[in-house]
Amino acid sequence: MTSFNLVTGAPSQRPMPDLDVHRRTVRQIELGLEALIQTGTPDEWDRVMRSLVESVCALGSWGSVEDLDLCIGSFKYLQDALPRGHPYTRTNPHFPQCELSGPLYRRFLLLRRREDLEECFSMYEASCESYPPGDAWRLGRLDMWARLARENRHPSASRAYENAMLSMQRIVESGPNLQAQHAFFKRGEALGTQTSLDYASYQIEKDQLQIAVEILEHGRSLLWSMMRGLRAPVGQLRAINPNLADRYLSITHDLESITTEPSALHWGPSFITGSSGDQIRAIEEDVFGRVLEEQRRLLRERKAVISQIRTIPGFEHFLAAAPFHNLQSAASSGPIIIVNHCEWRSDILIIVHGVPLIHIRLGDDFYERANTLSASLSAARSSECGLDSKEYDQALRFVLHELYLLIGRQVIDRLDALGVPRRSRVWLYPTSVLCSLPLHAMGPIPSDSEPDSHERYFSDIYVCSYTPTLSALIESRTRTAGRSPPDPSLLIVAQPDDPSLKDVSKEIKAIESMGMPASKLVSSGATRESVAEGLREHSMAHFACHGLLEEDKPLEASFKLHGSDRLTLLDIIQSRAPDAELAFLSACHTAELADRRDPDEMLHLAAAMQYCGFRSVVGTMWEMADVDGKDMAKLFYGRLLSSKWDASVPIAERSAKALQFAVQKLRLKKGMTTERWVNFVHYGA
């Protein structure tokens, strides 16, 4: 006899229990329920309810329709008989709605009675409403409700998804700092931003393409979006109500200080010496509790100030989620290619300025094929063959070719049909596992007109950039709106004395030969404090040192400076570079994801540089060959500073074309492997 999961109806491999024992248990509990309600102690309630739930699970998974009727009847009796405010329901607010939903759904699967399905989803909704939006248990229930409702084409799927998105945001906001907030994505119960991908695919299925874009925008990169909200510009508000603008800035400054501080729970024994383990834990919990209390006070004050700001004419939508007609402005300089990777269905959405959204439905096998490509590339990178081997090069080339067949070919055909010229700017907006795949290098692309020419890739026919969100791209363009571009001033951060970086000295000379004003922080001069200060004083930055990546610890990604000094991702986030145009991160792993469990958060050094103020950033997907630094510097800066540019074009907006030129030239170098040129990526304006 086959068992079934009580919640999903899927087959289970559990051994069959003694159903008669569980039937007797339910009946015995039923006989004693009235007395339990009247005089039961908390311990008795816990013991009886554990037994009842265990028996219901067994009967619901293995039993007959009559068994399901018995289970449902018991819980409905409790639902009707328990008085409002009963001690058990105060400590278990989801009871018995949560327990009822499983047997009801199982009975629906057996009898296909619509009323069971309706009641099941009513129980899901009621059990979810019994918990606050920031409760992780609630998010799990909402996800299951959305999944089952969608499978059965029930209209409540939209409500479940909407509430799941709200819960996800509230959970992230509830952490006192970035480390605690990121921990949400690492915990086993966390669903991460996959919810937004599922919900977007649901809206695409309903042909609500603009809503799908809004969902992706508001449900991905939650940490970056939350941080950007703390740095919202208030110049226009200051002109109308300077006191309110100052109040808002004061609150958000304090919030940002808390958010970017290391977690109290990570201070531990190194912070509190001479104490026992229990004493340390007690002190840590006290510190953490006080930080959490202060953060929540500030959040309440911020909410009140935002409400006050929204009463001012013209500020009704201050910090509100941007609608699609605002988001579409991100495509003002070129198309944006969104690829939603989702187990329900996968799709491409192309945003073109002034044109209705373009939709391309991807094949039913796309989801698994993309997962396979990601896993195979990761396996190839960690194999014993080595990254310089022919085997790895072939594996990477296979991935690029598959990406072209899955995505690139259809995108190129559609852009051609829209009349988008070749060599136009194009921004890539990947999701899920695609965030760690080199979409910019999809190919090679067949050419009927030039069969004997060099191989061409996606980044040859379009000038490619990436963006974590549409809002980040819009911000990179509007940050300096109305201001003249700053005079180029370059900060070089380098470690030429590191024995493993033998070509860094040549890289520095190649940059200096361009004749651009430059300051240098090299060797012992490159400390955490000096580099952070230097970033604030220069419009450009070039890092030529080691980039360090801690697996599953993206907030600890860093640049290796002098000795044991590090400039971490958190250090960069805390910095502000108001006149920053361009950062070239000539170091390993600067655009690589350390945490692959939730790639949509895009936590890497390149994204941090963009957040702290740099409008454009060049980074690396993997390790970088030291020997390529000097060649890339000469080629990149030579094109960036060329007199062929119109002087009015800001440095940040030249950088993507300069990178395209440099990579194309690097690729022609004798002995060049595929990874070395694919490695370089562009983010931003």
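Up top is the structure.
Residues numbered from 1 in each chain as written. Predicted model: local features only at pLDDT ≥ 70, side-chain atom pairs only at ≥ 80, totals over all residues. Heavy atoms only, no water.

Q: With reference to specific residues and values, describe the side chain of Ser 539.
A: Residue placement: Ser 539 occurs in the loop between α23 (528-537) and β10 (540-544). A distance of 3.1 Å separates a polar side-chain atom of Ser 539 from the backbone nitrogen of Ser 489. (Helix = DSSP H or I, 4+ residues; strand = E, 2+ residues; numbered from the N terminus. Polar contact = N/O pair within 3.5 Å; in protein donor to acceptor, adjacent residues only side chain to side chain.)

Q: Give a description of the environment of Arg 423 that names residues and reports values.
A: Note on placement: Arg 423 falls in the loop between α19 (390-418) and β6 (425-430). Along the sequence, Arg 423 and Tyr 462 sit 39 residues apart, while their C-alpha atoms lie 4.2 Å from each other. In contact with Arg 423, not counting residues within four places along its chain, are Asp 460, Ile 461, Tyr 462, Val 463, Gln 660 and Gln 664. A polar contact is formed between the side chain of Arg 423 and the side chain of Gln 660, at a distance of 3.3 Å. (Contact = heavy atoms within 4.5 Å.)

Q: So what's going on with the packing of aromatic side chains? Which residues, and what values?
A: The full count for this structure, using the stated rule, is 17 aromatic pairs. With a centroid separation of 6.3 Å and 35° between ring planes, the pair formed by Phe 584 and Tyr 637 is classed as tilted. Here Phe 584, found in strand β14 (residues 582-586), pairs with Tyr 637, found in helix α26 (residues 628-640); they are 53 residues apart in sequence, far enough to count as distant. With respect to burial, Phe 584 and Tyr 637 carry one shared label: buried. In this structure an aromatic cluster arises from ring pairing among Phe 584, Phe 636, Tyr 637 and Phe 680. Residue placement shows Arg 477 over the ring face of Trp 427; its charged tip is 4.8 Å from the ring centre. The cationic tip of Arg 667 hangs over the ring face of Trp 677; the distance from NZ or CZ to the ring centre is 4.7 Å. (Phe/Tyr/Trp six-rings, centres within 6.5 Å; stacked < 30°, edge-to-face > 60°. Buried < 20%, exposed > 50% of the residue type's maximum accessible area, 1.4 Å probe, protein only. Lys NZ or Arg CZ within 6 Å of the ring centre and 35° of its normal.)

Q: Describe the pairing of strand β7 (residues 463-466), listing the residues and the values that go with them.
A: With burial as the criterion, each face of β7 is covered, one bearing Val 463 and Ser 465 and the other bearing Cys 464 and Tyr 466. For β6 and β7, the ladder comprises 4 bridges, and the chain directions are parallel. Along β7, the bridge assignment pairs Val 426 with Cys 464. (Pairing = 2+ DSSP bridges.)

Q: An account of the nonpolar core is requested, with residue identities and associated values reported.
A: Core analysis: the biggest nonpolar cluster contains 205 residues, and Ile 407 and Phe 543 have the highest contact counts within it. Element by element, the count of residues in this core is highest for α19, at 11 residues. Excluding anything up to four places from it in sequence, Ile 407 contacts Val 339, Ile 348, Phe 366, Leu 434, Leu 439 and Met 442. (Core = buried A, V, L, I, M, F, W, Y, C linked by side-chain atoms within 4.5 Å.)

Q: Provide a residue-level description of the packing of helix α12 (residues 222-229) against helix α25 (residues 605-612), including the pertinent values.
A: Two elements in contact, α12 and α25, have axes whose closest approach is 11 Å; the angle formed by their N-to-C orientations is 15°. Considering the angle they form, α12 stands roughly parallel to α25. For α12 against α25, the interelement crossing comes out right-handed. Counted together, Trp 224, Met 227 and Arg 228 of α12 and Ala 607, Ala 608, Gln 610 and Tyr 611 of α25 form the full contact between these two elements. Tallied by class, the residues present in the contact of α12 with α25 amount to 5 nonpolar, 1 polar and 1 charged. (Axes fitted to C-alpha atoms, helices over the stretch in contact; angles between N-to-C directions. Parallel < 35°, antiparallel > 145°, perpendicular 65-115°, else oblique. Left-handed = near helix turned anticlockwise from the far one by under 90°. Nonpolar A, V, L, I, M, F, W, Y, C, P; charged D, E, K, R; others polar.)

Q: Tell me about helix α18 (residues 366-381), and please be specific about residues and values.
A: Taking 1.5 Å as the rise per residue, α18 with 16 residues should run 22 Å; its terminal C-alpha atoms sit 22 Å apart, in good agreement. Regarding α18, the residues found buried are Phe 366, Ala 370, Leu 373, Ser 374, Leu 377, Ala 380 and Arg 381. With its buried residues spanning 135° around the axis, α18 presents them on a single face. Buried residues along α18 sit in contact with β3 (336-340), α19 and α28 (674-678). (Expected span 1.5 Å × (residues − 1). Arc of directions from axis to C-beta.)

Q: Pulling in residues and values, what's your account of the environment of Arg 27?
A: Mapping Arg 27 onto the fold places it in helix α1 (residues 19-39). Look at Arg 27 and you get partly exposed, because its relative accessible area is 45%. Once the C-alpha coordinates of Arg 27 and Leu 52 are considered, the two residues, 25 residues apart in sequence, prove to be 9.7 Å apart.

Q: A description of helix α27 (residues 651-667) should follow, citing residues and the corresponding values.
A: With 17 residues, α27 ought to run about 24 Å at 1.5 Å a step, and its terminal C-alpha atoms sit 24 Å apart, in line with that. Of all the bends in α27, the largest measures some 25° and sits at Lys 657. For α27, the full list of buried residues reads Ile 651, Ala 652, Arg 654, Ser 655, Ala 656, Ala 658, Leu 659, Gln 660, Ala 662, Val 663, Leu 666 and Arg 667. (Bend = angle between axes of the 7 residues up to and from the residue.)

Q: Describe in detail the sheet that holds strand β12 (residues 558-560), supporting the description with residues and values.
A: Ordered by their spatial adjacency, 3 strands build an open sheet running β11-β12-β13, and the pairing between neighbours is antiparallel. On the outer flanks of this sheet lie β11 (546-548) and β13 (566-568), each paired with one strand and no other. Averaged over neighbouring strand pairs, the angle between their axes works out to 25° when direction is ignored. Taken together, the 3 bridges between β12 and β13 define a ladder with antiparallel strand orientation. Residue pairing across strands places Phe 559 opposite Leu 567, the latter belonging to β13.

Q: For the packing of helix α5 (residues 97-111) against helix α7 (residues 136-151), give the residues involved together with the corresponding values.
A: One can describe the packing of α5 onto α7 by two numbers: an axis separation of 13 Å at closest approach and a directional angle of 25°. One element, α5, and the other, α7, form an angle in the roughly parallel class. In the packing of α5 onto α7, the handedness of the crossing is left-handed. In this structure, α5 contributes Gln 97, Cys 98, Ser 101 and Tyr 105 to the contact, and α7 contributes Trp 137, Arg 141, Leu 148 and Glu 151.

Q: I'd love a proper account of the pattern of salt bridges, names of residues and values included.
A: Tallied over the full model, the rule gives 38 salt bridges. A salt bridge links Arg 147 to Glu 343; the shortest N-O distance between them is 3.0 Å. One end of the pair, Arg 147, is in helix α7; the other, Glu 343, is in the loop between β3 and β4 (347-351), and 196 residues separate them in sequence. Arg 147 sits in the partly exposed class, given a relative accessible area of 23%. Taking the shortest distance from any N to any O, the salt bridge between Asp 364 and Arg 361 comes out at 3.3 Å. Connected through salt bridges with shared partners, the residues Asp 69, Arg 107, Arg 113, Glu 115 and Asp 116 form a single ionic network. (Salt bridge = Lys/Arg side-chain N within 4 Å of Asp/Glu carboxyl O.)

Q: If you had to explain the pairing of β10 to someone new, which residues and values would you point to?
A: The two faces of the sheet receive side chains in turn, since in a regular strand these alternate between them. Of all 5 residues making up β10, 5 are buried, and the element is well covered by its neighbours. Neither face of β10 is exposed, since Met 540, His 542 and Ala 544 on one face and Ala 541 and Phe 543 on the opposite face are all buried. Where strand β8 (residues 490-494) meets β10, 5 bridges bridge the pair, whose relative direction is parallel. In the sheet register, Val 493 faces β10, and the bridge partner there is Phe 543. Taken together, the 5 bridges between β10 and β14 define a ladder with parallel strand orientation. Note that in β14 the partner of His 542 across the bridge is Phe 584.

Q: Just give me the short version of the side chain of Ser 55, but keep the residues and values in it.
A: Turning to its location among the elements, Ser 55 is positioned in helix α2 (residues 42-62). When its relative accessible area of 2% is taken as the criterion, Ser 55 is described as buried. A polar side-chain atom of Ser 55 sits 2.9 Å from a polar atom in the side chain of His 22. The contact partners of Ser 55, leaving out residues within four places of it in the chain, are His 22, Thr 25 and Val 26.

Keep in mind that these numbers describe shape and distance, not what the molecule does.
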